[in-house]
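# Summary of structural features
Read off the chains here:
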Amino acid sequence: CAFLASKMTKAGFLDDSGQMQYPINAEENTYLLGAVRPLAPDTEEEEKEKKPQRVLSIDFLRGLTIWFMILVNNAEAAWPILEHAPWNGVTIADFVMPTFLFIVGASIAIAFSGALKRKESKFELIKRAFVRTCKLYFLGLFLQGGNFPNYDLSTLRVMGVLQRIAICYFGVTLLF
C-alpha cells in the first residue's frame, strides 16, 4: 500500500512497468491502463499557494505541554509533586514555561527559514512578529485581569507568563 501511495499522482498512478493507470470507477477500484506520460511540473503560482507542512513533533510537544499545564494548574492539591517549587527548588511544574519557550524558538526557526526561502522580506517578518507580540502581550493582560468585566487592577500582573513569552518571541525574532 505504501509502495502504491508513493507512486500516486493527481490523475492516477504508475504501475510496475511505468505505465500510467487512470481511475475509471473509484468505488470498484477499476483502472484504465494509459500511456506513459510525465506529469507536468508545478507552476510557480502553485508552489507559492502550497501550504507548508506542519511539523508533527512540534505540534505533539505543544499539545503535551498544554495538557501538562492544565494538569499542573488544576491538580496540584491532589499531587504535591505538581506544585511549583519554592525559590530554592525545582519540580516538574517548573518545566512548563521553558518547554513553551523551546517550542517558540523552534517554531520561529522553522517558519522564518521557510519564509526567507520564499523570498519574503525580513522587515515584513519582523513587522508581523511585532503585531503578534502585541496581541499576545495584551491577551495576557486581559487574561491576568481577573474577573471580566470587573478587573481588580491591584492584582494585575503586568509581566505574566504570556507577556514574558511574547517578549521572548519578539527578542528571538530580532535575533533570527
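The paragraphs below set out a description of the structure included in this document. Here the structure is a predicted model, which is why all the values come from computation and not from measurement.

Calculation rules
Residues numbered from 1 in each chain as written. Predicted model: local features only at pLDDT ≥ 70, side-chain atom pairs only at ≥ 80, totals over all residues. Heavy atoms only, no water. Helix = DSSP H or I, 4+ residues; strand = E, 2+ residues; numbered from the N terminus. Buried < 20%, exposed > 50% of the residue type's maximum accessible area, 1.4 Å probe, protein only. Contact = heavy atoms within 4.5 Å. Areas by Shrake-Rupley, 256 points an atom, 1.4 Å probe, with all protein chains shown as cover. Patch = residues over 30% accessible without salt bridge, like charges linked within 9 Å, V, L, I, M, F, W, Y side chains within 5 Å. Salt bridge = Lys/Arg side-chain N within 4 Å of Asp/Glu carboxyl O. Phe/Tyr/Trp six-rings, centres within 6.5 Å; stacked < 30°, edge-to-face > 60°. Axes fitted to C-alpha atoms, helices over the stretch in contact; angles between N-to-C directions. Parallel < 35°, antiparallel > 145°, perpendicular 65-115°, else oblique. Nonpolar A, V, L, I, M, F, W, Y, C, P; charged D, E, K, R; others polar.

Looking only at helices and strands, the protein chain features six helices and three strands. Within the protein chain, the fraction of its 176 residues that count as buried is 21%. Long-range contacts, defined as pairs at least 24 residues apart, comprise 39% of the intrachain contacts of the protein chain with a sequence gap of at least 6. As displayed, the protein chain has an accessible area near 13,300 Å², and 66% of this comes from carbon and sulfur atoms.

Turning our attention to a nonpolar patch on the surface. Taken together, Leu139, Phe142, Leu143, Tyr151 and Leu153 make up a surface patch of nonpolar side chains, about 500 Å² in accessible area. If you trace the backbone, Phe142 turns up in helix α5 (residues 122-144). By relative accessible area, which is 39% here, Phe142 ends up partly exposed.

Another aspect to go through is the packing of aromatic side chains. Under the definition given, this model contains four aromatic pairs. Ring centres of Tyr137 and Phe138 lie 5.8 Å apart, and the angle between their planes is 90°; this geometry places the pair in the edge-to-face category. Among the residues examined, Tyr137 registers a relative accessible area of 19% and is labelled buried.

What follows covers the side chain of Thr173. Relative to the helices and strands, Thr173 is located in helix α6 (residues 161-175). Its relative accessible area of 1% is what places Thr173 among the buried residues. In this view, Thr173 contacts Ile108, Phe112, Ile126 and Ala129; residues no more than four positions away in its chain are not counted.

Below, the discussion takes up the packing of α5 against α6. Packed helices, taken two at a time, are described by the angle between their axes plus the distance between the axes. The geometry of α5 relative to α6 is characterised by a closest axis approach of 8 Å and an angle of 170° between their N-to-C directions. Of the possible angle classes, the one that applies to α5 and α6 is roughly antiparallel. Here Ile126, Ala129, Phe130, Arg132, Thr133, Leu136, Tyr137, Leu139, Gly140, Leu141, Leu143 and Gln144 of α5 lie close against α6, whose contacting residues are Leu162, Gln163, Ala166, Ile167, Tyr169, Phe170, Thr173 and Leu174. Taken together, the residues that form the contact of α5 with α6 break down as 14 nonpolar, five polar and one charged.

Honestly, it's all geometry; don't read function into it.
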